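Summary of structural features
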Amino acid sequence: MEKRTTFSKWSVGILFAVPQLLLIFTFFYWPAGQAIYWSLTLQQPWGGGNIWVGLDNFRSILASADYWNSVTISIVFAAISTAISMGAALVLAALTDRQLRGSKFYSVVLIWPYGIAAPASAMAFRFILAPEAGFMSVVNHWWPGFWDPGLDGNAAMASIIAAFSWKYIGYSFIFFLAAFQAIPRSLIEAAAMDGSGVLRRFWDIQFPLITPTIFFLLVINITESFQDSYGIVDIMTSGGPHNSTNLMVYKIVFDGFRGLDYSGAAAQSIILMLLIIVLTIFQFRFIERRVHYR
């Protein structure tokens, strides 16, 4: 029988909920409300009040070619980085779950990248992928000018995708490994006794059973790719070259804190929030249909 905790007075339950409600209000509803208000007004860069302008900030932003470029490259960045991080994590988790030699060691080491702050990992990748040193210098020696993130927009995008994907491989790996270990071993052993190979067992048994985890990680990774990429972009490319890596979240911070366009940055943050909401609804509306819950 399911056990539930009950309180003799409703006020006791409210007291337990108040701290959480305060945190949600302080760090979500209040900033979101302020952003909506700022997006509808013209904030003075150095203070001194504000002017109500309605939707003018949104009209100005949506009429900007640079902003639509930012939206496009943000979607490309989210799609590619999510595919790489989840794909690599899925393969590594599947291999670790087979309990090969050293699997326990790998299960610990592969989690570490997620514990590294984004700016720190970006700084490491900035040196690793530098065109004048390390591995990429060897590549440039054989193919001069092949790799230069400072001048080539495609190389710059590839470098921030590599840094972001590497960081989130560890996050996805944790959940994939837990999902694999939750599958009863009797199913795998029965399939092996029937003559199914490793790939066949993975595709027919393991993959359908971990689809809830795949769906969860898909939503989380796409959301984080839009929100948690600022530190990597700021350290590695600063949005360049020629705005080729000027992602939406980086443009918001740059326009707001360096360009002192607080109202425009607030409007951009509202658009980013709406875009994430739309993408999340789309995933729940269409992709979740293919999820097999046990």
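Before any of the text, the structure's been laid out above.
Report on the accompanying structure. Worth saying up front: this structure is predicted, and the values here are computed from it rather than measured.

1. Some remarks on the side chain of Ser121
Tracing the backbone through its elements, the reader meets Ser121 in helix H5 (residues 118-128). In this structure Ser121 comes out as buried when scored by relative accessible area, which is 2%. In contact with Ser121, other than residues within four places in its own chain, are Ile116, Trp166, Lys167 and Ile232.

2. Looking at a nonpolar patch on the surface
On the surface, Leu21, Ile24, Phe25, Phe28, Tyr29 and Trp30 cluster together into a nonpolar patch covering about 660 Å² of accessible area. By the element assignment, Ile24 lies in helix H1 (residues 10-39). Given the relative accessible area of 31%, Ile24 is considered partly exposed.

3. Some thoughts on the nonpolar core
One broad trend across soluble globular proteins is that nonpolar side chains are buried collectively. Ile160, Phe176, Phe180, Ile210, Phe226 and Ile232 are the most contacted members of the largest nonpolar core, which has 60 residues in total. Here this core gets 14 residues from one element, more than from any other, and that element is helix H7 (residues 153-181). Ignoring anything within four residues of it in the chain, the contact list for Ile210 reads Leu90, Phe176, Ala179, Phe180 and Ile183.

4. Comments concerning the packing of aromatic side chains
The relation between two aromatic rings is expressed through the spacing of the ring centres and the mutual angle of the planes. For the coordinates displayed, the defined rule picks out 19 aromatic pairs. Relative to Trp30, the ring of Phe25 has its centre 6.3 Å away and its plane inclined at 45°; by these criteria the two rings are tilted. Measuring from centroid to centroid gives 6.2 Å for Phe180 and Phe202, while their planes differ by 40°, and the two rings are tilted. Separated by 22 residues along the polypeptide, Phe180 in helix H7 and Phe202 in helix H9 (residues 198-209) bring together distant segments of the chain. The residues Phe180 and Phe202 share a single accessibility class, namely buried.

5. Some remarks on helix H13 (residues 262-287)
An α-helix turns once per 3.6 residues; consequently, residues spaced three or four apart project the same way. With 26 residues, H13 should reach 38 Å at 1.5 Å per residue; the first-to-last C-alpha distance of 36 Å fits that figure. Burial in H13 covers these residues: Ser263, Gly264, Ala265, Ala266, Ala267, Gln268, Ile270, Ile271, Leu272, Leu275, Ile276 and Gln283.

6. Focus on the packing of H5 against H7
For the pair H5 and H7, the least separation of the axes is 10 Å and the interaxial angle reads 130°. As summarised for this structure, H5 and H7 are arranged oblique, according to the angle between their axes. The element H5 and its partner H7 pack so that their crossing is right-handed. Across the interface between the two elements, Ala118, Ser121 and Phe125 from H5 touch Ala162, Ala163, Trp166 and Lys167 from H7. In terms of residue class, the contact of H5 with H7 is made up of five nonpolar, one polar and one charged.

The rules behind each value
Residues numbered from 1 in each chain as written. Predicted model: local features only at pLDDT ≥ 70, side-chain atom pairs only at ≥ 80, totals over all residues. Heavy atoms only, no water. Helix = DSSP H or I, 4+ residues; strand = E, 2+ residues; numbered from the N terminus. Buried < 20%, exposed > 50% of the residue type's maximum accessible area, 1.4 Å probe, protein only. Contact = heavy atoms within 4.5 Å. Patch = residues over 30% accessible without salt bridge, like charges linked within 9 Å, V, L, I, M, F, W, Y side chains within 5 Å. Areas by Shrake-Rupley, 256 points an atom, 1.4 Å probe, with all protein chains shown as cover. Salt bridge = Lys/Arg side-chain N within 4 Å of Asp/Glu carboxyl O. Core = buried A, V, L, I, M, F, W, Y, C linked by side-chain atoms within 4.5 Å. Phe/Tyr/Trp six-rings, centres within 6.5 Å; stacked < 30°, edge-to-face > 60°. Expected span 1.5 Å × (residues − 1). Axes fitted to C-alpha atoms, helices over the stretch in contact; angles between N-to-C directions. Parallel < 35°, antiparallel > 145°, perpendicular 65-115°, else oblique. Left-handed = near helix turned anticlockwise from the far one by under 90°. Nonpolar A, V, L, I, M, F, W, Y, C, P; charged D, E, K, R; others polar.

Functional significance is not addressed by these values, which are geometric in nature.
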